[in-house]
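# Inside the fold
In case you want the letters, here they are:
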Amino acid sequence: MSRTEAPPLPEPLEVPVADSHTHLDMQDGTVEEGLARAAAVNVTTVIQVGCDVKGSHWAAETAAAHPSVYAAVALHPNEAPRIVHGDPEGSSRQGAREAGGTAALHEALAEIDALAALDHVRGVGETGLDYFRTGPEGVAAQEESFRAHIEIAKRHGKALVIHDREAHADVLRVLADAGAPERTVFHCYSGDADMARICADAGYFMSFAGNVTFKNAQPLRDALVVAPLELVLVETDAPFLTPAPYRGRPNAPYLIPVTLRAMAAVKGVDESTLAEAIAENTARAFDY
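These figures come from a predicted structure and were not determined experimentally.

So, how was this worked out
Residues numbered from 1 in each chain as written. Predicted model: local features only at pLDDT ≥ 70, side-chain atom pairs only at ≥ 80, totals over all residues. Heavy atoms only, no water. Buried < 20%, exposed > 50% of the residue type's maximum accessible area, 1.4 Å probe, protein only. Helix = DSSP H or I, 4+ residues; strand = E, 2+ residues; numbered from the N terminus. Right-handed = clockwise from strand over helix to strand, strands pointing away. Lys, Arg positive; Asp, Glu negative; His and termini not counted. Salt bridge = Lys/Arg side-chain N within 4 Å of Asp/Glu carboxyl O. Polar contact = N/O pair within 3.5 Å; in protein donor to acceptor, adjacent residues only side chain to side chain. Contact = heavy atoms within 4.5 Å. Phe/Tyr/Trp six-rings, centres within 6.5 Å; stacked < 30°, edge-to-face > 60°. Pairing = 2+ DSSP bridges. Axes fitted to C-alpha atoms, helices over the stretch in contact; angles between N-to-C directions.

### So, the pairing of strand 3 (residues 69-73)
Across the five residues that make up strand 3, a large majority, five, are buried. Crossover strand 2 (residues 43-49) to strand 3 through helix 2 (residues 53-65) is right-handed.

Structural data, given as structure tokens:
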């Protein structure tokens, strides 16, 4: 079986659900093909997420063109230090860049702010902190960017979509300090059960991705057990994090049923009960 071959279409869900976080611009095929495959298995809504200025414009345009798509716009936590300090290696899709300093960061944030005002943009994210890819020299830029996104989300009344990688304590600290927006989503939830209890007490949504199905992901499954049903979302983060048994092959919104069925088994509920809850939660989180 080729690692590049797309997995087969799973059995459709009986209840329509949303993919709360995907990157259609990084997937093979056209947007129309991706949405049609998703609809065929009853994944009827997707949240298209931007990671930089260009990707956020694309997300907003795609949402404007497709009724089943809503957008989230942001500078990814790893994008902020690249803007400030430069990216001589060209480690992102933007290629090599000169350092722009905080003035360039503020300019980029102003573009995100303008996009966040659009009606079909329902989220500000993915923003947050990532200590996996960015070293200590990038932390200040990440936190400044994160705080700015929190302010933008609150001012426009949009959901805040959080990317938290190896930075749990600091993400929770900044949220508590700055004051989290009314609707806050931990995308690709990566904490343990203790953190899930903290998120639940704060009313934060926890969105689980395909990695909840991975063999070594017992802490994620433990977190899912304690996460209240009314705060649980499902996502692909496609083309990344393809669920087992297709791990390593390309991910896309049509594979949501695979992850959702695994989640239902972990939660000890039937798939339609979970799907109904997730459909309602996603609509509440992104206000559609």
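### Digging into the side chain of Asp237
With respect to the secondary-structure elements, Asp237 resides in the loop between strand 8 (232-234) and helix 9 (256-267). No salt bridge is formed by the buried Asp237; its nearest oppositely charged neighbour, Arg165, is found at 8.4 Å. Polar contacts involving the side chain of Asp237 include one to the side chain of His23, which spans 3.1 Å. Apart from residues no more than four positions distant in its own chain, Asp237 is found in contact with His21, His23 and His187.

### Topic: the packing of aromatic side chains
Scanning the model with the defined rule gives three aromatic pairs in all. Centroid distance Tyr70 to Tyr288: 4.6 Å. Interplanar angle 15°. Geometry classified as stacked. Of this pair, Tyr70 sits in strand 3 while Tyr288 sits in the segment after helix 10 (271-285), and the two are 218 residues apart along the sequence. Under the relative-accessibility criterion, Tyr70 is labelled buried at 17%. A centroid spacing of 5.5 Å and a plane angle of 45° characterise the contact between Tyr189 and Phe208, whose relative ring orientation is tilted.

### Some words on the sheet that holds strand 4 (residues 121-130)
Taken in spatial order, the eight strands of this open sheet run 1-2-3-4-5-6-7-8, and their pairing is parallel. Edge strands, defined here as strands with exactly one partner in the open sheet, are strand 1 (17-22) and strand 8. Averaged over all pairs of adjacent strands, the angle between their axes in this sheet comes to 30°, without regard to strand direction. By the bridge criterion, two bridges tie strand 6 (residues 184-186) to strand 7 (residues 205-208) in an arrangement that is parallel. Within strand 7, the position partnered with Phe186 by the bridge is Met206. Relative to the sheet, helix 10 contacts strand 1, strand 5 (159-165), strand 6, strand 7 and strand 8, its axis offset from that of strand 8 by approximately 95°.

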